[in-house]
Amino acid sequence: MPTLRGAMHTIHRPIPTKPDAEPLDAGFLEAVVAGAVRLTPEQSFRLYTEAPLHTLARVADGVCRRIHGPSIRTYVKDRNINYTNVCTARCTFCAFRRDGDEADAYTLEHSAIEDKVAELVAIGGTQILMQGGMNPALPISWYEELLRRLKSKFPQVHIHAFSPPEFIEFVEYFDPPGDSLESKLKWVMVRLREAGLDSIPGGGGEIFAAPVRRKIGLGKCDAEAWLTTMFVAHQLGMFTSATMMFGHIEGLADRVHHLELVRSWQDKALTELPGAGEPGVSGAGHYKAFISWPFQRENTPLGRLPEWGDDPAELERAFPGDVVARLDGEGDARAEALFGRRARMAGATEYLRTQALSRIHLDNIYSIGASWVTMGPAIGQVGLRFGANDMGSVMMEENVVSAAGTTYCLDEQVLCRLIREAGFVPAQRDNTYDLLRIHDGPESPDLLVRDWSAHRTKRLHIQGPTNSAGSAPVELTTSLE
Ligand code: SF4
């Protein structure tokens, strides 16, 4: 019988590398599964590009089972609140942003945000994920008042909010005291934490390699600033997550480089910060989870790029992103004239391979999330056999990705059924991955359902009145396809 777990789950014992080992060797991969050795970036790249899909699945699943055990896979009840769509950045993959003077630009009133949290609490939700565009019109007092208001009304709700690019812009907008980026970030973060901020989401990670980031993340912070922001949060004892959005102009080596940066900064947090060193536990902040998803192209400038392979003659050459990408992130965009001018979209197989590699490479990160929001529930479910331990959130609302074409939205019963039909016991977790309810009895949400038709198409939420990107009702578009 599974039991509820303790509060800390992070893995931080040093794991050696074996750079001379053949990455596809069965004995070597067994040692990786056992956590006795970690992959170098070169080995991860070869594993990713040469291993059969089933090998990646087996190794990732083995690592997942070592960390999470054989039976329980989790989900959380939270709500994604996008408080403003006004943004100074112009990411080419974004269909959500607006200039401040556009007719459908919006910033939610504090009362409207409070109403959304009240709806979440009514269904037993435990967390909000709150991110915005980067809106220069909002002073720090707007954020502090919002956080204080939410914390005083809903002290039980965990506030997971403001991604690193937002913090970098906060430093710009609020002009905090300090003589370094770190000290300025710390000033802002402490103010917001004192007002009620609990942890920081990994939005804006995209792809860290500079040649890619410069092409797709116009006006958004670079990798160094992103990672530094998270490290400051870790210094303050906060948990964060990390993300990667792939399947556009990047090369495969860029994905491995991205994973390697997350892993090395996690090592730094787990070994250098106060509290590190206790067996199986870190008192300091660190990355708790990693989630990756493929780029969604609809309504975005990046999505209008010709797809690699539309012109079959081009396939005789290497994909431009692969020509430029290097495992050290030092690729030169000038190495290929078509770099940034062709997209290579990721399908289901590519998604599963990438997620599996993230589980295998990120041996110091506790949770890997399956991305059904973008991939659909069936692929998300398969993802539980490719290294993911968590199905993410019962979605009440999602605006940023859905503005680029995604409308998948599942309720708790469907999420539980997906997990159970993948061969696991579903369990609701909280934001720190403690288990709140293990659904192993007849009262489980999915086992109480008699009529699944009511869970196939269900209007869950209508986005606020001024956001055209999110104004269409979000449908429960699919459940058990
Ligand atoms: S992805 Fe985020 S930071 Fe980039 S333009 Fe859209 S809202 Fe702004």
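For the structure itself, look to the data block above.
Because the structure is predicted, anything quoted here is derived from the model rather than measured.

> Please explain the environment of A137 as it appears in this structure.
Residue placement: A137 occurs in the loop between β3 (127-131) and α5 (140-153). Sequence-wise, A137 and T107 are 30 residues apart; in three dimensions their C-alpha atoms are separated by 9.9 Å. Among residues more than four places away in sequence, those in contact with A137 are V86 and G100.

> Before we go on, may I ask you to explain the site of the ligand in this structure?
Taken together, C87, A89, R90, C91, C94, F96, R97, G133, M134, P165 and K220 are the residues near the ligand. Taken together, the residues of the shell around the ligand sort by class into 7 nonpolar, 1 polar and 3 charged.

> In this structure, what is going on with the nonpolar core? I would like to understand it.
Residues A60, F290 and L415 are the most contacted members of the largest nonpolar core, which totals 125 residues. Sorting elements by how many residues they give to this core places helix α10 (residues 252-272) first, with 8 residues. Filtering out sequence-adjacent residues up to four positions away, L415 remains in contact with Y75, M391, V394, L410 and P426.

> Can you help me understand the environment of M130 in this one?
Relative to the elements of secondary structure, M130 occurs in strand β3. Residue classification places M130 among the buried residues on the basis of 27 C-beta atoms within 10 Å. Discounting chain neighbours no more than four positions away, the residues touching M130 are I81, Y83, I159 and A161.

> Explain the pairing of strand β11 (residues 435-438) to me, please; I cannot follow it from the model alone.
A regular strand places its side chains on the two faces of the sheet in alternate fashion. One ladder, built from 3 bridges, connects strand β10 (residues 425-429) with β11; its direction is antiparallel. Counterpart to R429 in the pairing with β11 is L435. In sequence, β10 turns back onto β11 through a hairpin of 5 residues, with Y433 there showing a positive phi of about 70°.

The rules behind these values
- Residues numbered from 1 in each chain as written.
- Predicted model: local features only at pLDDT ≥ 70, side-chain atom pairs only at ≥ 80, totals over all residues.
- Helix = DSSP H or I, 4+ residues; strand = E, 2+ residues; numbered from the N terminus.
- Contact = placed C-beta atoms within 7 Å.
- Near = placed C-beta within 6 Å.
- Nonpolar A, V, L, I, M, F, W, Y, C, P; charged D, E, K, R; others polar.
- Core = buried A, V, L, I, M, F, W, Y, C linked by C-beta atoms within 7 Å.
- Buried ≥ 20, exposed ≤ 12 C-beta atoms within 10 Å, placed from the backbone.
- Pairing = 2+ DSSP bridges.

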